[in-house]
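Spelled out, the chains give:
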Amino acid sequence: MLFPITYRVNARGHLEIGGCDLADLAAAHGTPLFVYDEATIRQRAAEFVSAMGEAGRVLYSAKAFASPGFLRVVAEEGLGADVVSAGELELALRAGLKGDQIFFLGNNKSAQEIALAYQAGATLVIDGAYEFELLQRVIPEGERARALVRISPGIKPDTHDFISTGQLDSKFGFSIENGQARAAVETALRHPRLELVGLHSHIGSQIFDLRAHQAAMDVMLDLLVELKRDLGYEPANLGAGGGLGIAYTKEDDPPTPRQFVEVIRSALAAGSDRRGLKRPQLVIEPGRAVAGPAGVTVYTVGSIKDIPGVRRFVAVDGGMGDNIRPKLYGARYEAVKVAEPEAAGGELVTIAGKYCESTDILISEIRLPPLQPGDLLCVPATGAYCLAMASNYNGMPRPEVVMVAAGQARVIRRRETLDDLLAAEVL
Ligand code: LLP
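About the cut-offs
Residues numbered from 1 in each chain as written. Predicted model: local features only at pLDDT ≥ 70, side-chain atom pairs only at ≥ 80, totals over all residues. Heavy atoms only, no water. Domains from an automatic or database assignment. Contact = heavy atoms within 4.5 Å. Buried area = accessible area lost by both parts, 1.4 Å probe. Salt bridge = Lys/Arg side-chain N within 4 Å of Asp/Glu carboxyl O. Polar contact = N/O pair within 3.5 Å; in protein donor to acceptor, adjacent residues only side chain to side chain. Nonpolar A, V, L, I, M, F, W, Y, C, P; charged D, E, K, R; others polar. Axes fitted to C-alpha atoms, helices over the stretch in contact; angles between N-to-C directions. Helix = DSSP H or I, 4+ residues; strand = E, 2+ residues; numbered from the N terminus. Parallel < 35°, antiparallel > 145°, perpendicular 65-115°, else oblique. Left-handed = near helix turned anticlockwise from the far one by under 90°. 1 Å grid on protein atoms, 1.4 Å probe; cavity = no way out; pocket = protein on both sides within 12 Å on 5 of 7 lines; lining within 4 Å. Points joined across faces, edges and corners; volume = space filled by probe spheres on them. Pairing = 2+ DSSP bridges. Buried < 20%, exposed > 50% of the residue type's maximum accessible area, 1.4 Å probe, protein only.

**Student:** Even after reading the chapter, I still don't get the domain arrangement of the chain, so can you show me in this structure?
**Tutor:** Accessible area lost when the parts come together is the quantity often used to give the size of an interface. Each domain of the chain was delimited in the assignment, giving domain 1 (8–37 + 293–422) and domain 2 (105–286). Put simply, the middle of domain 1 and the middle of domain 2, counted by C-alpha atoms, are 36 Å apart. Listed by partner, the interface residues are six residues for domain 1 and six residues for domain 2. Both sides together, the interface formed by domain 1 and domain 2 hides about 680 Å², and carbon and sulfur atoms give 51% of it. Lys250 is paired through a salt bridge with Glu334; the nearest N and O atoms lie 3.4 Å apart. Inspection of the region where domain 1 meets domain 2 yields two residue pairs in polar contact (both at pLDDT 80 or more). Residues belonging to the side of domain 1 that touches domain 2 are distributed by class as follows: three nonpolar, no polar and three charged.

Take a look at the structure:
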């Protein structure tokens, strides 16, 4: 699934999402424009929740995209949120999430962040020995912060395969291999300001091979056996993180949310039974797999530069400021012409951005129908980690975001203005 589930080519031959013609949206809201399809968000979120059933809970990883207008829809489907900063916490609370639906993660939380998370009633995910000291300072005497301890299970996945080395060399989590995980659990159990409610792990992002999650679950359950035997500790909750990959190109064929949950659920159930462990409640925190497929970006074509025999550059009115992923991760994207979304063949072009860097290329080679200045292009699967990682580089205001449903579009984040650029400047 590259496009949102409401993708349709309408009577005008235009690409339509959520019953809205993207050309009409571009005319009304300008470009670059992020368009989120409410039906897709709900469908993805609900699939995680229904696959999870009674086995545990689903948090949405807000780092993928955290506008309150978006979080509200996700929360309506029964998801909580994982946040990693005071900023994301504030966005989640403003979206109406309650503290007990929120986990606060991060490898270098400030004392202030820990205090805010505690006051909000969020659950902390302890990631590093320094946090034990901060808790001592920040949590009032006689009170305890609910917390999980983040473990590094030592599984390093990648898109095609995974290897179980390199686990030590991560800034996240307490490593099992060198004994730090066990020591952290001991510290947490003795800690006067902390109530240990479980263990947490996360092995990576954009993962297609679910065997990596299975392997991580087995490593975690082996640790649980050791903790039960030596410390008499059995966690009530076990966090398995996020990481489910999505399709960015036609060649990508990721597992579904249901498959992701079922693999982890059954690894937990069978693995606990086999080891004689009480089954902990499972906690997962998908980000990309909820937000990614629900969002598309609409750009307007401007300058076209031909270098005969070499390349045709088609420049759009956005680029690395609203989607850094091609530049940062070598991510590949598809694009279609809004007025002819299903045109086959076409000419080979490079879609460039408008930022002052040679590497500001959104798509290095793609076949598209003939393009002229003013034409609209739509890039699918941009709902996660695009606007969330957007910058004002080159003095570019961030794009507008609309949520579409049943032929209606509502602005959930307005286009930034030049005044917004100046808002924090001291003139
Ligand atoms: N939980 C933890 C502890 C995480 O670190 C992350 C992502 C998630 C959950 C959510 O993972 P997801 O389900 O979205 O894969 N900017 C990069 C992705 C960074 C992911 C960081 N952590 C990108 O654009 O590909």
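After that view, the rundown keeps rolling.
**Student:** Could you clarify how one ought to interpret the packing of helix 5 (residues 111–120) against helix 6 (residues 130–138) in this entry?
**Tutor:** How two helices sit against one another is set out by the angle between their axes and by the gap between those axes. Relative to each other, helix 5 and helix 6 sit at 60 degrees, their axes nearing to 10 Å. As summarised for this structure, helix 5 and helix 6 are arranged oblique, according to the angle between their axes. Regarding helix 5 and helix 6, the two cross each other, and that crossing is right-handed. Contact residues: Ala111, Ile114 and Ala115 in helix 5; Glu131, Leu134, Leu135 and Val138 in helix 6. Considering only residue class, the contact of helix 5 with helix 6 consists of six nonpolar, no polar and one charged.

**Student:** Would you explain the layout of surface pockets in this entry?
**Tutor:** Gaps between atoms show up when a probe of the same size as a water molecule is rolled over them. Counted as a void, the largest pocket has a volume near 680 Å³. Along its surface, the largest pocket is lined by 36 residues, and Arg150, Phe172, His202, Ile203 and Gly204 are the ones closest to its centre. Mapped onto the lining of the largest pocket, the elements with two or more residues apiece are strand 9 (145–152), strand 10 (156–157) and helix 10 (288–291). If you tally residues by element for the lining of the largest pocket, the top one is strand 9, at three residues. Its residues assigned to classes, the lining of the largest pocket shows 12 nonpolar, 16 polar and eight charged. In this model, the second largest pocket occupies a volume close to 560 Å³. Along its surface, the second largest pocket is lined by 21 residues, and Gln206, Tyr248, Arg325, Tyr329 and Ala331 are the ones closest to its centre. Residue composition of the lining of the second largest pocket, grouped by class: nine nonpolar, six polar and six charged. Domain assignment of the residues forming the lining of the second largest pocket places at least three in each of domain 1 (8–37 + 293–422) and domain 2 (105–286).

**Student:** How should I be thinking about the packing of helix 4 (residues 86–94) against helix 5 in this particular structure?
**Tutor:** Look at helix 4 against helix 5: their axes get within 10 Å of each other, and the N-to-C directions meet at 20 degrees. By the angle between their directions, the pair helix 4 and helix 5 is classed as roughly parallel. Helix 5 is crossed by helix 4, and the crossing has left-handed handedness. Of the residues in helix 5, those in contact with Ala86, Leu89 and Leu93 of helix 4 are Glu113, Leu116, Ala117 and Ala120. Tallied by class, the residues present in the contact of helix 4 with helix 5 amount to six nonpolar, no polar and one charged.

**Student:** Mind showing me how you'd approach the sheet that holds strand 3 (residues 20–21) here?
**Tutor:** What holds strands together in a sheet is hydrogen bonding between their backbones, with the strands either parallel or antiparallel. Across the sheet, three strands lie side by side as 1-2-3; this open sheet has antiparallel pairing. Looking along the sheet, the strands with just one partner apiece sit at the ends: strand 1 (8–9) and strand 3. By the bridge criterion, two bridges tie strand 1 to strand 2 (residues 15–17) in an arrangement that is antiparallel. Directly across from Arg8, in strand 2, lies its bridge partner Glu16.

**Student:** Would you explain the pairing of strand 21 (residues 376–380) in this entry?
**Tutor:** Both faces of the sheet carry side chains from a regular strand, because those side chains alternate between them. Burial analysis of strand 21 places five of its five residues in the buried class, which makes it a mostly covered element. Along strand 21, one buried face is formed by Leu376, Cys378 and Pro380 and the opposite face, lined by Leu377 and Val379, is buried too. Pairing geometry for strand 16 (residues 295–307) and strand 21, over five bridges, is antiparallel. Its bridge partner being in strand 21, Thr300 is matched across the sheet by Leu376.

**Student:** Would you explain helix 3 (residues 68–76) in this entry?
**Tutor:** Given 3.6 residues per helical turn, the α-helix brings residues three or four places apart onto the same face. Those residues of helix 3 that sit buried are Gly69, Phe70, Leu71, Val73 and Val74. Of the residues flanking the end of helix 3, it is Gly78, one or two places downstream, whose phi is positive at about 95 degrees.

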